[in-house]
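Chain residues, written in single-letter form:
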Amino acid sequence: MKHANISIFVPHKGCPNNCSFCNQKAISGQTEPATERDVFEAVNTAILHKCDPKNTEIAFFGGSFTAIEREQMVSLLTAAKCLLDKYGFEGIRVSTRPDFIDEEVLLTLKKYGVTSIELGAQSMNDEVLALNRRGHTSEDVRKASYLIKRHGFSLGLQMMTGLYGSDFEKDYFTAREIINLRPDTVRIYPTVVLKNTYLGSLFEEGRYLPPTAEETAPFAARLLTEFEKSGIRVIKIGLHSSESVERDMLAGAYHPAFRELCEGYVFLGEIEKKLKSKEKNREYTVFVPEKSLSKAKGLNKRNEKALKNQGYYCKIKGKDLLDGFEIEVEEER
Ligand code: SF4
């Protein structure tokens, strides 16, 4: 059964600063912070819609959960724990800043049934962190990751690409550093420039031009491959598509189906590897997992066209027995 989250947004709650890219209200589409009552409502709605508690986490996203005023953090957790015990949910997930993790807060989270902690690492380059006003260092990410794992929580790390002052080489370094921290999950967020943010003003003043979705997708595909090869699950690539993001975005790597775009590039790379030893100017049938057929063909069948330009005349077809990014190639006679 597929994993699900009951997402409760605490937009900008608890944040000591304004990161260059952050407009949590646009990202979450919500302007008021969540209350205990919102937790009960969100969970009861999910139960009414027959969610499977055993495969579902109650998740606090959007702000810096452990930086919220302690009394309010505990009241949200008390509500979540009560529902966790009542319905037998898989656990509670929170997202927070690396500089708001210490032994004491981890013990509190454990007491209220939190099982997964996600940290916004964003970059492991200190200059990029400073330019984007993150207010923490890469060492904070290392220390917090170590403590979270030592206390037995599942660790999630979030990284961004294309930030102000960064480039794909620095972003690749960030991915390698994250792999070294051995998180259980990763989210990759290519930068999307939103109105009413520092990046928004830099963009409007012509001082910053982030990579587009088309420029970022092949690179994000490479990161996806590296994380998966290292046994780290990539649970999200690209901002969640929403009306508020589409309304408030000025530039950057936004695509409503960004993950599919990236997976299309992963398939292209895998097919190219298989064809490398084969003769050009021949016809081939390339089999891919049935469920991934449209991704493997790429947007507007661009992968078949790209292969043709390299001299391989391929028809991409689905096959039930294949899984993941598995591929089989047969030469046409
Ligand atoms: S820490 Fe997170 S919520 Fe707070 S300003 Fe930065 S990105 Fe936004």
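Structure shown above.
Notes on the structure in this doc start here. Note that the structure is predicted; figures quoted are calculated from it, not measured. (Residues numbered from 1 in each chain as written. Predicted model: local features only at pLDDT ≥ 70, side-chain atom pairs only at ≥ 80, totals over all residues.)

Focus: the site of the ligand
Which entries qualify depends on this criterion: Proximity of a residue to a molecule or strand is defined by its backbone-placed C-beta atom lying within 6 Å of that partner. In this classification, Asp, Glu, Lys and Arg are treated as charged, Ala, Val, Leu, Ile, Met, Phe, Trp, Tyr, Cys and Pro as nonpolar, and every other residue, Gly included, as polar.
What surrounds the ligand is a group of 10 residues, the closest being Cys15, Cys19, Cys22, Ser64 and Arg97. Of the residues assigned to the shell around the ligand, the class counts are three nonpolar, six polar and one charged.

Considerations on the environment of Leu299
Cut-off, in case you're wondering: Secondary structure follows DSSP: runs of H or I at least 4 residues long count as helices, runs of E at least 2 residues long count as strands, and numbering of each begins at the N terminus. Two residues qualify as a contact pair if the distance between their C-beta atoms, derived from the backbone, is within 7 Å.
Examined against the element boundaries, Leu299 turns out to sit in the loop between α12 (293–297) and α13 (302–309). If we skip the residues at most four places from it in the chain, Leu299 touches Leu261 and Gly264.

Things to note about the sheet that holds strand β10 (residues 282–289)
Note the cut-off: Pairing between strands is defined by DSSP: at least two bridges between them are needed. Interaxial angles span 0 to 180 degrees and are taken between N-to-C directions of axes, which are lines fitted to C-alpha atoms, for helices over the stretch in contact.
If you trace the three strands from one edge of the open sheet to the other, you get β11-β10-β12, paired in mixed fashion. Here the strands that pair on one side only, and so sit at the sheet edges, are β11 (312–319) and β12 (328–331). For this sheet, the mean angle separating the axes of adjacent strands, direction not counted, is 25°. Looking at chain direction, β10 and β12 are connected through four bridges and run antiparallel. Bridging from a neighbouring strand, Val286 pairs with Val329 of β12. Strands β10, β11 and β12 of the sheet are contacted by helix α11 (residues 258–275), whose axis makes an angle of about 135° with β10.

Things to note about the nonpolar core
The tendency in soluble globular proteins is for nonpolar side chains to be buried side by side. For the record, the criterion: For the purposes of this analysis, a nonpolar core is taken to be any set of buried Ala, Val, Leu, Ile, Met, Phe, Trp, Tyr and Cys residues that are connected through C-beta atoms within 7 Å. Neighbour counting defines burial: a residue surrounded by 20 or more other C-beta atoms within 10 Å of its own C-beta is buried, one with 12 or fewer is exposed, and intermediate counts give partly exposed, using backbone-placed C-beta atoms. All domain edges in this entry derive from an automatic or database-based domain assignment.
Formed by 89 residues in total, the largest nonpolar core has its most connected members in Ile58, Ala80, Ala220 and Cys262. Here this core takes nine residues from α11, the largest share from any one element. There are two domains that each give this core at least three residues, and those are domain 1 (4–256) and domain 2 (273–331). In this view, Ala80 contacts Val39, Ile58, Ile92 and Tyr112; residues no more than four positions away in its chain are not counted.

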